[in-house]
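Residues per chain are reported as follows:
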Amino acid sequence: MILYITVAAVTVLLGSMVNCRPVTQPYRTTRQQMCNRVCLFAVFLILFALSACRLNVGNDYAKYVEFMHLVNCDAYVPTEAGFNLLVKIIYGLSGFENYLLVFAVYAFVTIGIFLLGMYEQSEDFPLTFFLFMALGYYFQTFSTVRYYLALALALYAMKFVMRGQWGRFTVLILLGSAFHKSLLVVIPLYILAVLPWKKWQLAAGALFCTTFLFCQDFYLKLVVFLYPTYEDTEYLEGGTSYINILRCLAVLAFSGIVYWSGKRSGSTRGEEQKNAEVGERYDRAHFYFYLNLGALVLYVFCSFLPIISRIGYYLTVSHILYLPMLLKQVEDRRWRKALRAGILLAAVLYFAIYMSRADNDGTLILPYKTFFFHDMVNILSDVN
């Protein structure tokens, strides 16, 4: 745990020196731009090294090693074609079952895309990166590596949604779905989040949500159709996260306070901020708000679905961009400092709770082990 806290502290400190909106000069690299590059590279290197050097760290590490072995033996596995092809290529080039390199490639791409997405889209990179670490997104990449690559792509793809570049958005999502097909759900969900919802449409949507209460069997059959391997397993038990519900409610309340305070003061700062973003066609605040509202609806009404947490994360990952944006719209400096302190305190508390459960089943990122000093445990194929 000391290692993880140290890594989090060092990378957050480096991230605090990054300004994602540096003043540029033609034909000249400014000091801030150089600082950004050095700090971002250092952050990437630290996070990548910690992830790539791990061995049997993560709740499904051994299961993935088993999947890779079966892929190499041309046996059936429930993983997507992109994952299988990557394993085939790496194992073929290595000449042996080099699962360490597969995990390293996933870490390289996943962390790189997360950092790039945050740097390009955040209005306050230091706060965004702090939330990325404190809310456990980085440490969760040690588990379900396919899904967290998809989550990184979903975050990065938000910029194409904002620009109305639906072709690029769709191509990126389709490519990502070759590694985790659940990523396909962001196509309709992100489109719904940018629509100019009217009150009667919201009422109709609320009425539709009641179908999740009375037609659960139908939706479960739909899930089994999409995920045949879930049939007759414990994965169909469903469940929801009360912490995520509270988080969505807190963000919703915060956005409401910022909106009404700005409306009362007659501030146009949010509109000016939106128009200042080159190439954007949609209001980012509107987009993030409805992503948060959609996640709350899913966590409350669809708790019976076994994949609800994965779908919800595609929506709530926007919090690391939305909260810094909301803070920027608070004009009173004292209130802005107080609210920022509240966000930091809540995130630290979340991180403390997460780390206290880091050795539990479902997380298992503790104890940290590396291939330099440890050997891999036997997988199912070795035992049989």
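Look above for the structure.
Keep in mind the model is a prediction, meaning the values are calculated, not measured.

Peer 1: Go over the overall build of the protein, please, and point to the residues and values.
Peer 2: If you tally the helices and strands in the protein, you get 20 helices and 0 strands. C-alpha extents for the protein along the principal axes are approximately 70 × 60 × 40 Å. Within the protein, the proportion of its 384 residues that are buried is 46%. When the accessible surface of the protein is split by element, carbon and sulfur atoms take 65% of a total near 19,500 Å². The positive charge centre, built from 31 side chains, and the negative charge centre, built from 24, are 13 Å apart in the protein.

Peer 1: So what's going on with the packing of helix α8 (residues 145–163) against helix α9 (residues 166–177)? Which residues, and what values?
Peer 2: To characterise two packed helices, one gives the angle between the axes of the helices and the distance between these axes. In contact at an axis separation of 8 Å, α8 and α9 are set at 165° when each is read in the N-to-C sense. It follows from the interaxial angle that α8 and α9 lie roughly antiparallel. Between α8 and α9 the crossing geometry is left-handed. Facing Leu 153, Tyr 156, Ala 157, Phe 160 and Val 161 of α8, the residues of α9 in contact are Trp 166, Arg 168, Phe 169, Leu 172, Ile 173 and Gly 176. For the contact of α8 with α9, the class distribution of residues is 9 nonpolar, 1 polar and 1 charged.

Peer 1: Provide a residue-level description of a nonpolar patch on the surface, including the pertinent values.
Peer 2: A cluster of nonpolar residues, Leu 85, Ile 89 and Leu 93, forms a patch on the protein surface that exposes about 340 Å² of accessible area. Here Leu 85 falls in the exposed class, since its relative accessible area comes to 52%.

Peer 1: Give me the lowdown on the pattern of salt bridges, citing residues and values where you can.
Peer 2: Opposite charge on two side chains allows them to pair when their charged atoms are near. All chains considered together, the criterion is met by 5 salt bridges. Of the charged contacts in the structure, one is a salt bridge between Asp 74 and Lys 88, with a shortest N-O distance of 2.4 Å. On the criterion of sequence distance, the pair formed by Asp 74 in the loop between α3 (61–72) and α4 (81–94) and Lys 88 in helix α4 is long-range, its members being 14 residues apart. The partner of Arg 340 in a salt bridge is Asp 124, and the shortest N-O contact between them spans 2.9 Å. Placement of Arg 340 in helix α19 (residues 333–356) and of Asp 124 in the loop between α5 (99–121) and α6 (125–134) is noted, with a sequence separation of 216 residues between them.

Peer 1: Residues and numbers for unusual backbone geometry, please.
Peer 2: Leu 366 connects to Pro 367 through a cis peptide bond whose omega is -5°. In this structure, Pro 367 sits in the loop between α19 and α20 (380–383). One non-glycine residue, Asn 56, lies in the positive phi region at around 55°. For Asn 56, the position within the fold is in the loop between α2 (31–52) and α3. By relative accessible area, which is 23% here, Asn 56 ends up partly exposed.

Peer 1: So what's going on with the packing of α6 against helix α18 (residues 319–328)? Residues and values would help.
Peer 2: Packing of α6 against α18 brings their axes to within 9 Å, and their N-to-C directions diverge by 140°. Relative to α18, the crossing made by α6 is right-handed. For the pair α6 and α18, the contacting residues are Leu 127, Thr 128, Leu 131 and Phe 132 in the first and His 319, Ile 320, Leu 321, Leu 323, Pro 324 and Leu 327 in the second. Of the residues assigned to the contact of α6 with α18, the class counts are 8 nonpolar, 2 polar and no charged.

Peer 1: Before we move on, can you summarise the environment of Leu 252 with the specific residues and values?
Peer 2: As for its placement among the helices and strands, Leu 252 is situated in helix α14 (residues 242–265). Separated by 40 residues in the primary sequence, Leu 252 and Asn 292 place their C-alpha atoms 7.1 Å from one another. Setting aside residues no more than four positions away along its own chain, Leu 252 makes contact with Phe 289, Asn 292, Leu 293 and Leu 296.

Criteria and thresholds
Residues numbered from 1 in each chain as written. Predicted model: local features only at pLDDT ≥ 70, side-chain atom pairs only at ≥ 80, totals over all residues. Heavy atoms only, no water. Helix = DSSP H or I, 4+ residues; strand = E, 2+ residues; numbered from the N terminus. Buried < 20%, exposed > 50% of the residue type's maximum accessible area, 1.4 Å probe, protein only. Areas by Shrake-Rupley, 256 points an atom, 1.4 Å probe, with all protein chains shown as cover. Lys, Arg positive; Asp, Glu negative; His and termini not counted. Charge placed at Lys NZ, Arg CZ, Asp CG, Glu CD. Axes fitted to C-alpha atoms, helices over the stretch in contact; angles between N-to-C directions. Parallel < 35°, antiparallel > 145°, perpendicular 65-115°, else oblique. Left-handed = near helix turned anticlockwise from the far one by under 90°. Contact = heavy atoms within 4.5 Å. Nonpolar A, V, L, I, M, F, W, Y, C, P; charged D, E, K, R; others polar. Patch = residues over 30% accessible without salt bridge, like charges linked within 9 Å, V, L, I, M, F, W, Y side chains within 5 Å. Salt bridge = Lys/Arg side-chain N within 4 Å of Asp/Glu carboxyl O.

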